[in-house]
Amino acid sequence: MTKTNPGRFFEDYTVGQTIRHAVPRTVAEGERALYHALYPARHALYSSDDFAISCGLDGSPLDDLLAFHTVFGKTVPDVSLNAVANLGYAQGRWLRPVWPGDTLRAESQVIGLRQNSNGQSGVVWVRTQGLNQSDEVVLDYVRWVMVRKRDADAPAPEPIVPDLASVVDPADLIVPEGLSFTDYDFDLAGESHRWGDYAVSEVIDHVDAVTIEEAEHMLATRLWQNTAKVHFDATHRPDGRRLIYGGHVISLARALSFNGLANAQMIVALNGGAHANPCFAGDTVRAWSEVLDRAPTSAPGIGAIRLRLVAMRDGGTAGTLRSADGKYSPEVLLDLDYWALMPV
Amino acid sequence: MTKTNPGRFFEDYTVGQTIRHAVPRTVAEGERALYHALYPARHALYSSDDFAISCGLDGSPLDDLLAFHTVFGKTVPDVSLNAVANLGYAQGRWLRPVWPGDTLRAESQVIGLRQNSNGQSGVVWVRTQGLNQSDEVVLDYVRWVMVRKRDADAPAPEPIVPDLASVVDPADLIVPEGLSFTDYDFDLAGESHRWGDYAVSEVIDHVDAVTIEEAEHMLATRLWQNTAKVHFDATHRPDGRRLIYGGHVISLARALSFNGLANAQMIVALNGGAHANPCFAGDTVRAWSEVLDRAPTSAPGIGAIRLRLVAMRDGGTAGTLRSADGKYSPEVLLDLDYWALMPV
Amino acid sequence: MTKTNPGRFFEDYTVGQTIRHAVPRTVAEGERALYHALYPARHALYSSDDFAISCGLDGSPLDDLLAFHTVFGKTVPDVSLNAVANLGYAQGRWLRPVWPGDTLRAESQVIGLRQNSNGQSGVVWVRTQGLNQSDEVVLDYVRWVMVRKRDADAPAPEPIVPDLASVVDPADLIVPEGLSFTDYDFDLAGESHRWGDYAVSEVIDHVDAVTIEEAEHMLATRLWQNTAKVHFDATHRPDGRRLIYGGHVISLARALSFNGLANAQMIVALNGGAHANPCFAGDTVRAWSEVLDRAPTSAPGIGAIRLRLVAMRDGGTAGTLRSADGKYSPEVLLDLDYWALMPV
C-alpha cells in the first residue's frame, strides 16, 4: 500500500469532521526578514520594534498575512490537494498577534458539503483556526473549495450550505490588547493621511508595480509549507507554467498598497476574496484599493477601515474590475475585501 | 605575488596533514527560515520548537543537512577548489544537534592519497569534522575527491588508501541526549507510518517534484559559503551553464521524501553517496527511496532505518537507478545511503 | 487629491531643510542570514560570533553594508524618487556597529543646491545620518543626486555647493569600542596577509565571478525597503530591463574581494563612489582592488587601509577602469573608494 498522501476526495469529508493539520511551525526573525525580501512590505508596525512599542505593543508582531499563509499552508494537504478551484473566503478574523518565536498549528472543521450536479465533484466548506503554542486562536476563517470525487458513483451527501456573513461586523473586530494610536508618528509611518481622510468609495491607485520571478513565488510558497504541486512542478501542466499561489498575490498587493495606505497598519478581518485569474511568473503586478466602509472602534485613537484590494497584471488601471458581462476582467488577479486598523 | 587563494593541488597534500578551515559561521533563526524557503522541508522535529520539546529536546535543532552543508562549504577552498570530481562519502555521523546560535567551524585530516596512473591527478581522502563553539564535534565524515596536480612531473606519493566501512554500524549511531519518541504525535508529524511499517527492500515513490531555478541554488550555495566557481559563474563552462551544488540536490530530495517518510525525522549517519549526474537549473527533480535495513536503538521509542534516497530529473520513475551496463541512468542525479531515526 | 507619494522635485528642497525618513526598521538574525545568501560574504568578523568575541566585540555585528543599504533605502522616497542620476558619495563614516535587534531610522539634511543650466533639473546634496533605537548615529554620509524640476519655470535657488573632502582623514576614522586584532586568528579568517603586506598602488584581482539573476537583486533591494520603480518593474523602461540597485553591486563586489582581502574586515569610511555603468540581470560580475593608502590607528593591532574597489561585468580584467578619453570603460560598473580596518 502506498505510504504517500493521496489527499482527501469529496466523499472523504463529512460535516462536523475535525482535521488536525500537520506540521506545526515555529516562526521567528528569519521569517520576518524573508517576508521583507519577498514583498515590498513597509507598514511600520511590522517593520520596527520601536514603532510597535510606541503603539503599545511589546514589539513588532509578524505580518498578519505571514500568519495567514502559515496557517493556510498547513491545510493544503488535507483540504486542497485534490481541489479543482479555491472558491472563496469568509468570516476571517485575526484574534491575536503572532510574535517571533510562536509555534503555529491549524485545525479545520468541515461545516458544509454540496455535490455538484455533474456528480464528478463537490464543494467543501471548512472553518480553519490557527493556534499558537498556548492553544490560543490567532486566526479563524472559512474557506470553500471544489474537490474532485474519487468515485463518481459514490452517493451524494445531504447538501449543507453554511450561512456565511458577507462582511465581518465591525463590532466583532478584535483590536490587540494594548494597541493605541494616540502617539502615532505619521512621519515615521510614511504618510499623513488619517482614518478620517478616507471617504467611502474613494479609489486609490497604488502606482508601483513588481514583475514576478519563478524563484520568488516558490521561495515564498515553500516558506509557508504549502505543498500544492502546481506551484513548483513545471511539468505538471501541459503548458509548462507554474501557477503562482494566490496568497503570494495577496501579500504582494497588500505591500504595494503601502503607497496611499501606509497607515492601514493592521489587518483584522477578511470579509471575502476571489482569485479572479491565475498569475504566472513574468506578470507585472499593480494594485488599487477602494474604501468600502469605515467604523469607529473603542480602542484609543484607532478606527477601522474596510477596503477592497485589487491586484492586476499589466494592462489594468486603477478601477479595473469587471467586464460588461459581470465577469472579472482578464487583467484582474485578486479581489480582496478586508478590515484594517488606522489612526483616527 | 598573488594574494588570492589558488587552492591546493594533489602534491600539496600529505597523509596525516590537518587543515583548519576558514571561516567560522554562526547559524541561527535566519538560516532556519531560509532552509524552509529553499527546500520543501516539513519534518516536524525541525519545523516546530514545541514538537521538538515534546520529543525531549530543548527546542528545534537546525536541519541535519544545514549542518552538513555549512561544514562542507568550509572545506571547499582547501579541498575541492582544484577538484576534478567529488568521488564519494563514507562513515558520516551526526554526533550532536546544531542549535540556533551555534558557531560552526571545520577541520580536515588527510587520511589517504593515490596518484592516478595518468600522472595528471590523484585521489585525496579527507576526514572532516564540524565543531561547535565549545569544540564539540557535531559531524564527522570521510570524503574523497580527484584533484589535479600542479606539476605533472612531481613525484607520486606512496599510495595510502584508507579502509572505509560501506555502512555505519547501527551500534555506532548516536541518538541525541534526551530524544524520545514515546509521546510522538503522528497527526502533527503528518503521517501514521511507524518504523515497524517499513519493510526492507520496500520502494517509496515520493510523488512530488520541484523545477529548480538558478537564483534558488545560488542563494543556497552562498548560504553555505561554498565558493566553487562552477556554481555561480555562467562564463566558467563553455556551455554557459552553472553546475548545481550536489548538496542542493541532497536537501531537495530529502525534503521531497517527507511524502512517504515524514517520520524519518533525524538523519544520524551518511553511509555513502554519489552525485550520479550533474544537475542544472530547469531540471524538474523527483525522488524515491528504498528501505535498505532496519535496526533497533536503545533510545525510548526510537528505531533506526537505513534508506537509499535517489533523486532524478524528469524522465525517471520510482526505482530508476542503473542501466543494463551497471552505470547510473542518465536521469539519476543522486544516490544517497543514510540512517535516520523513526518512532517505533 | 492623490494619497500616494509623488516624490520631491528640485524646487521642493531648501538648504538647511531636515527630512525625517520613514519607515524605521528592526534588523536581526534574519537579515544577517539573507545577506549571506544574497552575497558570497565571508569576512569572519561578520560570519562568526566567536570570531567577533575573540576580537573584543560582544558578538558579530551586522555587515557594514547591510547598515548602509538599510539607511540608504529609507532616503529613496524622499530624495531619489524623481532623481535622474545618483552622482556621488562623500565623507561617509560608520560610527558604531549595528547589532542584531537594532532598529534603524534615517534623517537627511539638505546641504547644497544648484540648478542645472538647462533649467529642467538641479543637483541636490544631502547629508544623511542613520540612527539606532537609542538615537545614536551609526552611519553618516553625503550623497548628491540630479533631480527633475516639477515646473521648469520655477525660479532657481541661490547655488550653494558644499565643500566636500575627497577622502576621509584617517585621524577621523572611528574604531568600534573594544575592537582589537592582537589575538587575530589568520587561519580562521582565511588568509595570512597583514596590513603591512599590502603596498600602495598594489592591484589585486579577486578572481571569482557571479552571474546575477533578477530574483536575487529584487530580494536584496526589497530587503533594504528601497522602493525605486526601476529595480522591480519590467514595464518601466522601454527595453523591458530592470536596473539593478547600485548597492547590490557594491555588496557583491565587496564580498568577492574576500579573495585577496579576507582581512580587510571592517569598512569604516566611504570616501567616494561612482556607479559607472548600469548593471542588469545576466551580467557576470568580477572585481579588483587597488591599495590607495595605508594609515596606522591607535587601536590595538589595527591598521587602516584605503582601497579602490572596482566591479566589472564580463570583458573587464583586473585594472580595467577608464578609456583613453578619461571616461569609465563600458565594462566598469562601480568605482568605490573606502577605508577598511586590518590586522597589522
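Residues numbered from 1 in each chain as written. Chains lettered and ligands numbered in written order. Predicted model: local features only at pLDDT ≥ 70, side-chain atom pairs only at ≥ 80, totals over all residues. Heavy atoms only, no water.

### Examining the relation of the copies chain A and chain B
Superposing chain A onto chain B takes a rotation of 120° plus a shift of 0.0 Å along the axis, which leaves an RMSD of 0.0 Å. Accordingly, the operation relating the two chain copies is best matched by a three-fold axis. Measuring from the rotation axis to each C-alpha of chain A, the shortest distance belongs to A:Gly30, at 2.2 Å. In this assembly the copies use different faces: only 12% of the residues contributing to the interface of chain A also contribute to that of chain B. (Least-squares fit on C-alpha atoms with pLDDT ≥ 70 in both. Contact = heavy atoms within 4.5 Å.)

### Overview of the interface of chain A and chain B
Interfaces are often sized by the accessible area lost when the parts come together. Counting from both sides, the interface comprises 32 residues of chain A and, opposite them, 45 residues of chain B. Here chain A meets chain B over a buried area of about 3100 Å², counting both sides, of which 57% is carbon and sulfur. Of all residues in chain A, A:Lys3, A:Arg20 and A:Arg222 give up the largest surface area on contact with chain B, accounting jointly for 24% of the area buried on that side. Summed over the shared surface of chain A and chain B, the result is seven salt bridges. At the boundary of chain A and chain B, one finds 20 residue pairs in polar contact (both at pLDDT 80 or more). Looking at the side of chain A that touches chain B, the element that brings in the most residues is strand β1 (residues 18-26) of chain A, giving seven residues. Broken down by class, the residue content of the side of chain A that touches chain B amounts to 12 nonpolar, 10 polar and 10 charged. (Buried area = accessible area lost by both parts, 1.4 Å probe. Salt bridge = Lys/Arg side-chain N within 4 Å of Asp/Glu carboxyl O. Polar contact = N/O pair within 3.5 Å; in protein donor to acceptor, adjacent residues only side chain to side chain. Helix = DSSP H or I, 4+ residues; strand = E, 2+ residues; numbered from the N terminus. Nonpolar A, V, L, I, M, F, W, Y, C, P; charged D, E, K, R; others polar.)

### Re the packing of helix α1 (residues 29-38) of chain B against helix α6 (residues 214-223) of chain B
Residue and element names in this part refer to chain B. Close contact between α1 and α6 brings their axes to 11 Å; oriented N to C, the two are set at 155°. One way to sum up the angle between α1 and α6 is to call them roughly antiparallel. Considering the relative orientation of α1 and α6, their crossing is left-handed. Across from Glu 31, Leu 34 and Leu 38 in α1, the residues of α6 making contact are Glu 216, Leu 219, Ala 220 and Leu 223. Looking at the contact of α1 with α6 residue by residue, the class counts come to five nonpolar, no polar and two charged. (Axes fitted to C-alpha atoms, helices over the stretch in contact; angles between N-to-C directions. Parallel < 35°, antiparallel > 145°, perpendicular 65-115°, else oblique. Left-handed = near helix turned anticlockwise from the far one by under 90°.)

### A few points about the interface of chain A and chain C
With 46 residues of chain A in contact, the opposing surface of chain C contributes 32 residues. Carbon and sulfur atoms make up 57% of the area that chain A and chain C hide from each other, which totals about 3100 Å². When the buried area of chain A at its contact with chain C is split by residue, A:Ala37, A:Arg42 and A:Leu188 rank highest and sum to 20% of it. Our enumeration of links across chain A and chain C arrives at seven salt bridges. A salt bridge links C:Arg222 to A:Glu216; the nearest nitrogen and oxygen atoms lie 2.9 Å apart. It is helix α1 (residues 29-38) of chain A that contributes the most residues to the side of chain A that touches chain C, seven residues altogether. Of the residues in the side of chain A that touches chain C, the class split is 19 nonpolar, 12 polar and 15 charged.

### A few points about the side chain of B:Ser289
Residue placement: B:Ser289 occurs in strand β9 (residues 284-296). Side chain to side chain, B:Ser289 and B:His206 meet in a polar contact 2.7 Å long.

### Notes on the domain arrangement of chain A
Residue and element names in this part refer to chain A. Domain annotation for chain A reports domain 1 (1-27 + 62-149) and domain 2 (190-344). Its C-alpha centre places domain 1 at a distance of 21 Å from the equivalent point of domain 2. Contact residues are listed per partner, giving 23 residues for domain 1 and 21 residues for domain 2. When the two sides are added together, the surface that domain 1 and domain 2 hide from each other amounts to roughly 1900 Å², 57% of it contributed by carbon and sulfur. (Domains from an automatic or database assignment.)

### With respect to the layout of surface pockets
All names here are of chain C. Considered as a void within the structure, the largest pocket measures approximately 840 Å³ in volume. Every residue lining the largest pocket is counted, 33 residues in all, and those nearest its centre are Val 84, Asn 86, Val 230, His 231 and Leu 243. Contributing elements (two or more residues each) for the lining of the largest pocket: α4 (64-79), β2 (83-94), β5 (137-148), α7 (246-256) and β8 (266-274). When residues of the lining of the largest pocket are assigned to their parent elements, the largest contribution, seven residues, is made by β2. Of the residues contributing to the lining of the largest pocket, the split by class is 18 nonpolar, 12 polar and three charged. (1 Å grid on protein atoms, 1.4 Å probe; cavity = no way out; pocket = protein on both sides within 12 Å on 5 of 7 lines; lining within 4 Å. Points joined across faces, edges and corners; volume = space filled by probe spheres on them.)

### A word on empty space enclosed by the protein
Gaps left between atoms show up when a probe the size of a water molecule is rolled over them. Counted according to the given criterion, the structure contains 16 cavities of 30 Å³ or more. What the largest cavity holds in volume is close to 190 Å³. Along its surface, the largest cavity is lined by 16 residues, and B:Thr227, C:Pro40, C:Arg42, C:Asp208 and C:Leu256 are the ones closest to its centre. Among the secondary structure elements, those contributing two or more residues to the lining of the largest cavity are α7 and α8 (258-261) of chain C. Along the lines of polarity and charge, the residues of the lining of the largest cavity split into eight nonpolar, four polar and four charged.

### Describing the environment of C:Glu216
Within the secondary structure layout, C:Glu216 lies in helix α6 (residues 214-223). Assessed through its relative accessible area of 2%, C:Glu216 is described here as buried. A C-alpha to C-alpha distance of 9.3 Å links C:Glu216 and C:Tyr39, two positions 177 residues apart in sequence. Aside from chain neighbours lying at most four places away, what touches C:Glu216 is B:Ala215, B:Met218, B:Arg222, C:Leu38, C:Thr211 and C:His248. In this structure the side chain of C:Glu216 is engaged in a polar contact, spanning 2.9 Å, whose partner is the side chain of B:Arg222. (Buried < 20%, exposed > 50% of the residue type's maximum accessible area, 1.4 Å probe, protein only.)

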